[in-house]
Amino acid sequence: MPDARDAILERICSATRRGADENAPARAAEEFAAIARPYLRAGRLDAEARLHLFIDRLHDYDAHVVETSADSLPRTIANVLQQHGQRKVIAADGLPHEMLPRDFEFLAEREAGIEDLNECDGIVTVCTVAIASTGTIVLAHGPGEGARRLSLIPDRHLCVVRAHQVVETVPEAFDRLAPSATHPLTFISGPSATADIEMTRIRGVHGPRFLDVVVVR
Amino acid sequence: MTIRVAESAQAPSFQKAALPLLEDAQLRRNVRHATDVIQLKRAQVVAETVDWQELRTTASDTKAHTLRYLDHYLLQFEKACTAAGGQVHWAADADDANRIVADLVRGYGGNEVIKIKTMTSDETGLNEALEHEGIRAHETDLAELIIQLGRDRPSHIVAPALHKNRSQVREIFRETMHLPDLGDRPEDLTAAARRYLREKFLRVKVGICGANFLVAETGSVCIVESEGNGRMCLTMPEVLISLAGIEKVIPSFQDLEVFLQLLPRSATGERMNPYNSLWTGVHANDGPKHFHVVLLDNGRTSVLADAEARQTLHCIRCAACLNACPVYRQTSGLAYGSSYSGPIGAIVTPQLLNMEHGQSLPYASSLCGACYEVCPVKIDIPEVLIHLRGRVVREQKSALDAEALAMKMAAAIFASRRRFEAAQRLGRLAQGPLVRKGWFGNLPGLLGNWTRVRDLRALPPQTFREWWKQRAKNAERSGHA
């Protein structure tokens, strides 16, 4: 409806007492840049305290957290999968091979159909950035992070987070996400949950019921 | 153009609708419990945020700025979204929006849609409009599902079914999902909803959502949710349609670093809600192949035109003001006759309707200011309520209205000391038969509205001024003595 578009824009102009104005974009940009941002942008914690906070926040959401080193990462992943008796596990396309245990057979994401996603025991991905203050993992769905459905339909999500990917504050995360601003982005803070019935938090409604986070120091 | 906000044009006045709700002890218990829990959680996560006030200020400044250049930012959004493969539609009112959505669904050959909770679609009455066109809408948010299956109305912006307790939900699910043995633990009820909806997520081809934020700079849309039903509707269907009010636009991607700290803490008392999704147009091999945004006015531009009430459009629909409101907590959202309830509803609904309906809503407040204190974008709701009460009187009432006449008379009396003191003396004489032990219990006529729910102290035998004069006289006398 092109006429609705014109009518709405015209009503906005008259409501804000501005006529059609060619300089509006420039003035808007100038005024926008002048908005004060006195809130905390940079974190204050050292690396150790930051990781500690991140893990603490994840525990608050009932996520399961394991710490490991780069060398032991494949073994740690194998242990976590075994611990939960996971057999059919899908690996996100583009996941670095050296990360995965060799003696465990993964189904590749590109070969997995919706039925596989619906029936599998779990999936493995990496992430783009993680936020300590809120216990959040952000997927920009690039290599190793899977398409959005991969971390949605299965019941269990194992996400590998490297220490250098963990920032303290939400603004720091947005700085790092700027290059991926037009990617699909998914912020995950714990397993899916609802509190719609009597404000009782129930874990696992439609997204994964279990979130395993492997933190690589 | 006809502006419509759910069924609010036909709704009874707040004061009338509130009476039966106040008699419903179960409903009041449910609402009190839910709002207490959210308020407590919110207070904890807000207290630990040392820069909370700074975040509020920046959010408020950002919204005020965006509204000043709303046309510019909407055009920027349209351009960026279109460049990324999305299609942008503009709807002047609710019927326009419903028609656009129905035409799109039919155009893609669909007769079913899955929906994420969107108050905007409740505002336009989208589900009923789709049904009229032979299209079935499935609500997928747990609370919305409870409301839809129970043929109820939403009573809260964030948790629309908080007026129902577990056994009431069980009865609804038992009957509509045909599960005679369903238990009443929240776990059982949630699991039932999961099973009921999963098949729909994997099958239905068209998804409908609202928008928490539209990012002008990138053309992205942001949805904030908890259950994963949102992600399902955003990812699984082939077609996605987003219905968004024009005030949902924000200038830049970076602005989300402010709003995504404020919204979850205010709405559900979480540091971050389980899932935030952002997408930009259509993404290859990931998610829907077709994406449409419907930008809705439906009265928002007339709110924009009122400089003193424009801040109403800052709202990010967190519902913190509902949980904090002593009036809402007694009546629930069902008394407000609109998709939008509580203090924010009391200012949004009548303004969208150009003050032609919902005139009782600005009076549904004690003006205590709790709503302003918790608002993450600093909407001074009490100030807007008072402004709107003024508009109700100025725009709606004739000069012969009894209350307006009384106010005019009062203004004339207050304008002169002589007249005021004369009125006080007259009042003392006239009050005699109505006063019991120093209190008015029941006043006659219009004044009875005040004493129906509270007592009023009688006029004292002497005013302060009279006492002061008397004191000076007494002093003089004793000085002479």
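Undergrad: Give a description of the overall build of chain A that names residues and reports values.
TA: Across its full length, chain A holds six helices and twelve strands. Relative to a compact globule of 217 residues, whose C-alpha radius of gyration would be 17 Å, chain A shows 22 Å and is clearly more extended. Viewed in the frame of its principal axes, chain A has a C-alpha envelope of about 70 × 45 × 40 Å. A buried classification covers 56% of the 217 residues belonging to chain A. A separation threshold of at least 6 residues defines the contact pool for chain A, and within that pool the share at least 24 residues apart is 70%. If you average the places of the 24 positive and of the 32 negative side-chain charges in chain A, the two averages end up 2 Å apart.

Undergrad: Please give an account of the domain arrangement of chain B that cites residues and values.
TA: Partitioning chain B into structural domains gives domain 1 (14-301) and domain 2 (416-480). Here domain 1 of chain B and domain 2 of chain B have C-alpha centroids that lie 55 Å from each other.

Undergrad: An account of the packing of helix α16 (residues 342-352) of chain B against helix α18 (residues 381-396) of chain B is requested, with residue identities and associated values reported.
TA: Residues and elements named next belong to chain B. Running from N to C, α16 and α18 point in directions that differ by 40°, and their axes come no closer than 10 Å. Between α16 and α18, the crossing angle belongs to the class labelled oblique. Considering only the axes of α16 and α18, their crossing is left-handed. Facing α16, whose interface residues are P343, I344, A346, I347 and Q351, α18 presents I381, V384, L385 and L388. Counted by class, the contact of α16 with α18 contains eight nonpolar, one polar and no charged residues.

Undergrad: Outline the sheet that holds strand β13 (residues 456-457) of chain B, supporting the account with residue identities and numerical values.
TA: On the basis of which strands lie adjacent, the open sheet formed by three strands has the order β11-β12-β13 (chain B) and antiparallel pairing. Strand pairing shows two members of the sheet lacking a second neighbour, β11 (435-436) and β13 of chain B, which therefore form its edges.

Undergrad: For a nonpolar patch on the surface, give the residues involved together with the corresponding values.
TA: Taken together, the side chains of F464, W467 and W468 of chain B present a nonpolar region at the surface, about 390 Å² in accessible area. Looking at where W467 of chain B falls in the secondary structure, it is placed in helix α22 (residues 464-480).

Undergrad: Kindly report on the side chain of E270 of chain B, identifying the contributing residues and their values.
TA: In this structure, E270 of chain B sits in the loop between α12 (256-267) and β9 (275-280). The residues contacting E270 of chain B, other than those within four sequence positions of it, are R201 of chain A together with V45, S226, P264 and R265 of chain B.

Undergrad: Tell me about the state of the cysteines, residues and numbers included.
TA: Residues and elements named next belong to chain A. One pass over the structure, following the stated rule, counts zero disulfides over all chains. Here C127 is not disulfide-linked; the sulfur of C159 is the nearest cysteine sulfur, at 4.4 Å. Judged by its relative accessible area of 4%, C127 falls in the buried class.

Undergrad: Mind laying out the side chain of T169 of chain A, listing which residues take part and the relevant values?
TA: All names here are of chain A. Inspection of the secondary structure assignment puts T169 in the loop between β8 (166-167) and α6 (170-177). We classify T169 as buried; its relative accessible area is 9%. Setting aside anything within four residues of it in sequence, one finds T169 in contact with R41, A42, G43, I131 and S133.

Undergrad: How would you sum up the interface of chain B and chain A? Please name residues and give values.
TA: Taken together, the contact between chain B and chain A spans 93 residues of the former and 73 residues of the latter. Between chain B and chain A, roughly 7,200 Å² of surface is buried when both sides are summed, and carbon and sulfur atoms account for 60% of that area. Linking chain B with chain A are eleven salt bridges. Measuring nitrogen to oxygen at the nearest pair gives 3.5 Å for the salt bridge that ties D155 of chain A to R194 of chain B. Linking chain B with chain A are 35 residue pairs in polar contact (both at pLDDT 80 or more). It is helix α10 (residues 186-203) of chain B that provides the largest number of residues to the side of chain B that touches chain A, a total of ten residues. Its residues placed into classes, the side of chain B that touches chain A shows 45 nonpolar, 25 polar and 23 charged. Bridge analysis of strand β9 (residues 185-188) of chain A against β9 of chain B gives four bridges, and the strand direction is antiparallel. Across the sheet, residue I188 of chain A finds its bridge partner in β9 of chain B, namely Y275 of chain B.

Undergrad: Could you give me a rundown of the sheet that holds strand β2 (residues 89-91) of chain A, with the residues and numbers involved?
TA: Residue and element names in this part refer to chain A. Pairing is parallel across the open sheet formed by six strands, whose spatial order is β1-β12-β7-β4-β2-β3. Either end of the sheet is taken by a strand with one partner, and the two such strands are β1 (64-68) and β3 (107-108). Direction of pairing for β1 relative to strand β12 (residues 210-216): parallel, over a ladder of five bridges. Looking across to β12, one finds that T68 is bridged to V216.

Undergrad: Let's hear about the pairing of strand β4 (residues 122-126) of chain A: which residues, and what values?
TA: Residues and elements named next belong to chain A. With five of its five residues buried, β4 lies for the most part within the structure. Side chains G122, V124 and V126 project from β4 onto one buried face, and the interleaved I123 and T125 project onto a second face that is buried too. Across three bridges, β2 lies against β4 in parallel orientation. Bridge pairing in β4 links V89 to G122. As paired elements, β4 and strand β7 (residues 156-162) share four bridges and run parallel to each other.

Undergrad: Tell me what's going on with the nonpolar core, and back it up with residues and numbers.
TA: Membership of the largest hydrophobic core comes to 152 residues, with the highest contact counts inside it found for F77, F173, F213, L256 and I344 of chain B. Leave out the neighbours within four places in its chain, and F77 of chain B touches V88, L214, V215, A216, G219, S220, V221, V249 and V293 of chain B. With 20 residues, the next largest nonpolar core counts C127, L139 and V166 of chain A together with Y275 of chain B among its residues.

Undergrad: With reference to specific residues and values, describe unusual backbone geometry.
TA: Residues and elements named next belong to chain A. Phi is positive for D62, close to 70°, though the residue is something other than glycine. Counting through the fold element by element, D62 comes out in the loop between α3 (47-60) and β1. Take D62: its relative accessible area is 41%, and that puts it in the partly exposed class.

Undergrad: I'd love a proper account of helix α5 (residues 94-107) of chain B, names of residues and values included.
TA: Helical geometry note: an α-helix holds 3.6 residues per turn, so side chains three or four residues apart project in the same direction. Residues and elements named next belong to chain B. Compared with the 20 Å implied by 1.5 Å per residue over 14 residues, the 20 Å span of α5 between its first and last C-alpha is a close match. Listing the buried residues of α5 in full gives A94, D96, A97, N98, I100, V101, A102, L104 and V105. Between the side-chain oxygen at the start of α5 and the backbone nitrogen of D95 there is a gap of 3.3 Å, and the oxygen is on D93. Positive phi appears at G109, one or two residues downstream of α5, with a value of about 75°.

Undergrad: Give a detailed account of the pattern of salt bridges, specifying residues and quantitative values.
TA: Side chains carrying opposite charge are able to pair once their charged atoms draw close together. Residue and element names in this part refer to chain A. One pass over the structure, following the stated rule, counts 42 salt bridges over all chains. Close ionic contact of R217 with E48 constitutes a salt bridge, the shortest N to O distance being 3.0 Å. Taken together, the residues R217 in the segment after β12 and E48 in helix α3 connect sequence positions 169 residues apart. What makes R217 partly exposed here is its relative accessible area of 43%. Residue class for E48 comes out partly exposed when judged on its relative accessible area of 48%.

Definitions and cut-offs
- Along every chain, residues carry numbers that run from 1 in the direction the sequence is written.
- Key to labels: chains lettered from A, ligands numbered from 1, both in the order written.
- Whole-chain, interface and lining totals are the exception, using all residues; otherwise, since this is a predicted model, local features are given only for residues with pLDDT of at least 70 and side-chain atom pairs are given and counted only at 80 or more.
- Values reported for side chains reflect all heavy atoms of the structure, with hydrogen atoms and water molecules removed beforehand.
- Going along the chain from the N terminus, every DSSP run of H or I of four or more residues is numbered as a helix, and every run of E of two or more is numbered as a strand.
- Here the radius of gyration uses the C-alpha set of atoms, whereas the globule reference equals 2.2 Å times the residue count to the power 0.38.
- Accessibility here uses a 1.4 Å probe with only protein chains present; expressed as a share of the type maximum, an area under 20% marks a residue as buried, one over 50% as exposed, and anything in between as partly exposed.
- Only heavy atoms matter for contacts: two residues are in contact if any of them lie within 4.5 Å across the pair.
- Charged residues are defined here as Lys and Arg on the positive side and Asp and Glu on the negative side; His and the ends of the chain fall outside this count.
- Lys charges are placed at NZ, Arg charges at CZ, Asp charges at CG and Glu charges at CD.
- Residue ranges for the domains originate in an automatic or database domain assignment.
- Simply put, an axis is a line fit to the C-alpha atoms, just over the touching stretch for a helix, and the angle between two N-to-C directions goes from 0 to 180 degrees.
- Any angle that is under 35 degrees is reported as roughly parallel, and any over 145 degrees as roughly antiparallel; angles of 65 to 115 degrees are reported as roughly perpendicular and all others as oblique.
- Handedness of a crossing is defined here by the sense of rotation of the near helix relative to the far one, left-handed for an anticlockwise turn of less than a right angle and right-handed for a clockwise turn.
- Put simply, Ala, Val, Leu, Ile, Met, Phe, Trp, Tyr, Cys and Pro go in the nonpolar bin, Asp, Glu, Lys and Arg in the charged bin, and everything else, Gly too, in the polar bin.
- When DSSP finds two or more bridges between a pair of strands, those strands are recorded as paired.
- The patches described consist of residues with a relative accessible area above 30% and no salt bridge, like charges being joined within 9 Å and nonpolar side chains (Val, Leu, Ile, Met, Phe, Trp, Tyr) within 5 Å.
- The accessible surface values rely on the Shrake-Rupley method and a 1.4 Å probe; as for residues, cover is taken only from the protein chains in view.
- One speaks of a salt bridge when a side-chain nitrogen belonging to Lys or Arg is within 4 Å of a carboxyl oxygen belonging to Asp or Glu.
- Cysteine sulfur pairs qualify as disulfides if the two atoms are within 2.5 Å.
- Buried area counts how much accessible surface, traced with a 1.4 Å probe, disappears from two parts once they are put together, with both parts' losses summed.
- The definition of a polar contact used here is a pair of N or O atoms within 3.5 Å, where within protein one atom must be able to donate a hydrogen and the other to accept one, and adjacent residues in sequence count solely through side-chain atom pairs.
- The definition of a nonpolar core used throughout is a set of buried Ala, Val, Leu, Ile, Met, Phe, Trp, Tyr and Cys residues joined through side-chain atoms within 4.5 Å.
- Expected span, for any helix, means 1.5 Å times one less than how many residues it has.

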